[in-house]
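Spelled out, the chains give:
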Amino acid sequence: MNLHKLKIRRMEAMVRVSGEPDVIAWVRNRGSRYFELDAQFGDHGIWHIIAGKENAPPLPWHYLERGIPGAPCVFLFNVTHKTIVIDATPGPWRKLWTLRLVRDLLRWQMFHQGAVFIHASVVCHNSAGIALVGTKRSGKSTILLKLLRNTDFGFVAEDDLTVVRKPDGTLSALGWPSCLRIRRCMLNHFPELSEDSDFAHPANNLEKAGDAEIALLRLFPEELTPRFKSFSLPEITLNAVVSLRWDKKENLSRLSSNGTAKALIEAWDILPERRPGARPQFASGSNHEWRDCCFNPPLYDFFGTPKDLSTKSLYEIASTVSGYVFDHDGNPERLRQHLGHLMQHP
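Residues numbered from 1 in each chain as written. Predicted model: local features only at pLDDT ≥ 70, side-chain atom pairs only at ≥ 80, totals over all residues. Heavy atoms only, no water.

Asks: What am I meant to see in the sheet that holds strand S3 (residues 36-37) here?
Replies: Strand order in this open sheet of seven strands is S3-S1-S2-S4-S7-S6-S5, and the pairing throughout is mixed. Two strands bound the open sheet, and with one partner strand each, they are S3 and strand S5 (62-68). Of the pairings in the sheet, the one linking strand S1 (residues 4-10) to strand S2 (residues 13-19) comprises seven bridges and is antiparallel in character. Each bridged residue has a counterpart across the sheet, and for Lys 5 the counterpart in S2 is Ser 18. Sheet strands touched by helix H1 (residues 21-31): S1, S2, S3 and strand S4 (48-51). Its angle to S1, the strand with the most contacts, is close to 20°. (Pairing = 2+ DSSP bridges. Helix = DSSP H or I, 4+ residues; strand = E, 2+ residues; numbered from the N terminus. Contact = heavy atoms within 4.5 Å. Axes fitted to C-alpha atoms, helices over the stretch in contact; angles between N-to-C directions.)

Shown next, in the form of structure tokens:
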């Protein structure tokens, strides 16, 4: 077996990957700005991802069917040996699932190191991070894309924010090398994202024949920002949280710390990974319900949730950042001015 190996670290989370040269090259290319690659640590006790069933060692496996229609995949888990094997056809899908599992394993470890996961988009402006939260179709993706048309705004995350507190007390908003998902019905407003564009994600070809209202265009950050003449950062200091609401009458107003915490709690993903469309509920959640929300239930079984998991972390974030509510009609220029003023007068 001509397997290449890669050791990956993000903060104090670590994972090992073994696979064919093209798989390792893909992970390197997509993850180089987000992870420490070729990290120095021992193999013992570190989770190991193996790309390709043909490369799997002779161990007892728990099989988990994953993938999407037209692109089947099976994950083979052995949690005793902290090993996951990806049984997918060689090619783009095997590469994508490998990167997905790298992200999930790092996030599960970071979860137990205090990371908080929020359903929010993040832009950066003058070295400040601004999280955009809101209910479904409140304009998070629309506003994110319109802001990127201005060269003074950059991309950090889309609907996937990880918040960690640094030793000096500052909050860091982390992005990940995962794809953005844009509804095709929005593309008329964003000619930069022509459907004829040659984006790398293979699901784009599978979904072109679907319902235009729900079919998604998937693209990676490095494919997005050049088309908007913008830039991207893997992380940024989190300075503000803006709760978005569609309204014909524009208005920007401050939120109290409690109001900001409430907006964050409503956007709280709780768990570090989940199935598409699944949202765990904290107040009524049980171990069984949360497990069912996970994309990788065996990882939930292994890691579980921190004993001190509570909304306290959201209140601590809210007490550190500036909170705002923004009623908007999607006007990009007025929104840009508001956010620029917001950062100058926190």
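Further notes follow.
Asks: Just to check I follow, could you spell out the state of the cysteines for this structure?
Replies: Taken as a whole and assessed by the stated rule, the structure comprises zero disulfides. The thiol of Cys 124 is not disulfide-bonded; the next cysteine sulfur, from Cys 179, is found 20 Å away. You can call Cys 124 buried: its relative accessible area is 3%. Cys 179 carries a free sulfur, and the closest cysteine sulfur to it, the one in Cys 73, is 15 Å from it. (Disulfide = S-S within 2.5 Å. Buried < 20%, exposed > 50% of the residue type's maximum accessible area, 1.4 Å probe, protein only.)

Asks: Which parts of the structure should I look at to understand the pairing of strand S13 (residues 171-174)?
Replies: As a general feature of sheets, a regular strand has side chains that alternate between the two faces. Neither face of S13 is open: one carries Leu 171 and Ala 173, the other Ser 172 and Leu 174, and all of them are buried. Across four bridges, the pairing between strand S12 (residues 161-165) and S13 is antiparallel. Paired with Val 164 across the bridge in S13 is Ser 172. Between S12 and S13, which pair antiparallel in sequence order, lie five residues; one of them, Gly 169, sits at a positive phi of approximately 95°. Pairing of S13 with strand S16 (residues 235-246) involves three bridges; the strand directions are antiparallel.

Asks: Explain the environment of Leu 37 here, please?
Replies: Assignment of secondary structure puts Leu 37 in strand S3. For the pair Leu 37 and Ala 120, spaced 83 residues apart in the sequence, the C-alpha separation amounts to 27 Å. Beyond its immediate chain neighbours, meaning those up to four positions away, Leu 37 contacts Leu 6, Lys 7, Ile 8, Arg 28 and Ser 32.

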